[in-house]
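Chains, contacts and geometry: an overview
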Amino acid sequence: MKVLLDTCAFIWIVTGSNALSKHARAVFSDPGNEVYLSAVSIWEMGIKRALGRLESTGDFAVSIMEQRELHGIQPLPLEEGSAASLPKLPLIHNDPFDRMLICQALTHGMAILTPDKEISKYPARVVW
């Protein structure tokens, strides 16, 4: 299965947080799954860091890429096909980052690893 991490799931994975459910941890750890982190999540984390809502030390961009690689997570760029599908989504979820992750998951046939119940209202597969 191709799995796209929600931003919070990535943060909880790299920090070893107990907020990650047992099932989510099993999905992430399954070597048969391909796990991705979207450039959209990096953008979101960068904004949160700039606003003082996300702590990090050192070079933020390097740290994110190092953590992604350390945990065997593949990068997912934002390409125009996913971005162009945004107007097709109903306005259920107000978070623009989550809406773009939904577009990417639908475009690439991925499940989204997220606890966000609003995302499950879209036709994308949600695992948690």
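My aim in this report is to walk through the structure given alongside it, one point at a time. Here the structure is a predicted model, which means the values were calculated and not measured.

**Some points on the packing of helix α1 (residues 7–15) against helix α3 (residues 39–50)**
- Closest axis-to-axis distance for the α1/α3 pair is 9 Å, and the angle between their directions is 75 degrees. In terms of their interaxial angle, α1 and α3 are classed as roughly perpendicular. Of the residues in α3, those in contact with Thr7, Phe10 and Ile11 of α1 are Ser41, Glu44 and Met45.

**Examining a nonpolar patch on the surface**
- A contiguous nonpolar surface patch, about 330 Å² in accessible area, is contributed by Trp43, Ile47 and Leu51.
- Examined against the element boundaries, Ile47 turns out to sit in helix α3.
- On the basis of relative accessibility, which here comes to 34%, the residue Ile47 falls in the partly exposed class.

**Notes on the pattern of salt bridges**
- Applying the stated criterion to the full structure yields 3 salt bridges.
- Across the pair Arg68 and Glu69 runs a salt bridge, and its minimum N-O distance is 3.6 Å.
- Overall, Arg68 belongs to the buried group, its relative accessible area being 10%.
- For Glu118, the salt bridge is made with Lys121, and the minimal N-O distance between the two is 2.9 Å.
- The class of Glu118 is partly exposed, set by a relative accessible area of 28%.

**Quick notes on the packing of α3 against helix α6 (residues 96–108)**
- Interaxial distance between α3 and α6 falls to 10 Å at its minimum, and their mutual angle equals 170 degrees. With respect to their mutual orientation, α3 and α6 come out roughly antiparallel. Across the interface between the two elements, Val40, Ser41, Trp43, Glu44 and Ile47 of α3 pack against Phe97, Met100, Leu101 and Gln104 of α6.

**Focus on the nonpolar core**
- The biggest cluster of nonpolar side chains holds 18 residues, and the ones touching the most others in it are Leu5, Phe10, Ile73 and Leu113.
- Sorting the residues of this core by element identifies β1 (2–5), α1, α2 (22–29), β2 (34–38) and β4 (111–113) as the ones contributing at least two each.
- In terms of nonpolar packing, the next biggest core, distinct from the first, is built from 16 residues, Tyr36, Leu76, Ile112 and Ile119 among them.

**Here's the deal with α6**
- Taking 1.5 Å per residue as the helical rise, α6 with its 13 residues ought to reach 18 Å, and the 18 Å between its terminal C-alpha atoms agrees with that figure.
- Of the residues making up α6, those classed as buried are Phe97, Asp98, Arg99, Met100, Leu101, Ile102, Cys103, Gln104 and Ala105.
- For α6, the side-chain oxygen to backbone nitrogen distance between the N-cap and Phe97 is 2.7 Å, and the N-cap itself is Asp95.
- Phi turns positive, to about 65 degrees, at Gly109, one or two residues after α6.

Quick notes on the rules
- Per chain, residues are indexed from 1 in the order of the written sequence.
- Reporting in this predicted model follows two pLDDT cut-offs: at least 70 for local features of residues, and 80 or more for side-chain atom pairs to be given and counted; totals over whole chains, interfaces and linings ignore these cut-offs and use all residues.
- Side-chain measures were taken over the full set of non-hydrogen atoms in the model, leaving aside hydrogen atoms and water.
- Lines are fitted to the C-alpha atoms to define the axes, a helix being fitted only along its stretch in contact, and any angle between axes, read from their N-to-C directions, falls within 0 to 180 degrees.
- Helix and strand assignments come from DSSP, with helices taken as H or I runs of at least 4 residues and strands as E runs of at least 2, each series counted from the N terminus.
- We call two directions roughly parallel when the angle between them is under 35 degrees, roughly antiparallel when it is over 145, roughly perpendicular when it lies between 65 and 115, and oblique otherwise.
- By the convention used here, residues are in contact when the closest approach between their heavy atoms is within 4.5 Å.
- Residues enter patches when their relative accessible area tops 30% and they take part in no salt bridge; the joining distance is 9 Å for like charges and 5 Å for the nonpolar side chains Val, Leu, Ile, Met, Phe, Trp and Tyr.
- Note that accessible areas follow from Shrake-Rupley with a 1.4 Å probe, and for residues the cover is restricted to the protein chains shown.
- Here, a salt bridge means any Lys or Arg side-chain nitrogen found within 4 Å of an Asp or Glu carboxyl oxygen.
- Throughout, exposure labels follow a simple rule: accessible area from a 1.4 Å probe, protein chains only, divided by the maximum for the residue type, with under 20% read as buried, over 50% as exposed, and the rest as partly exposed.
- Side-chain atoms within 4.5 Å are what join buried Ala, Val, Leu, Ile, Met, Phe, Trp, Tyr and Cys residues into a set we call a nonpolar core.
- Helix span, expected: 1.5 Å multiplied by one less than the number of residues in the helix.
- By the criterion applied in these results, polar contacts are pairs of N or O atoms within 3.5 Å in which, for protein atoms, one can donate a hydrogen and the other can accept it, and in which residues neighboring in sequence qualify only through two side-chain atoms.

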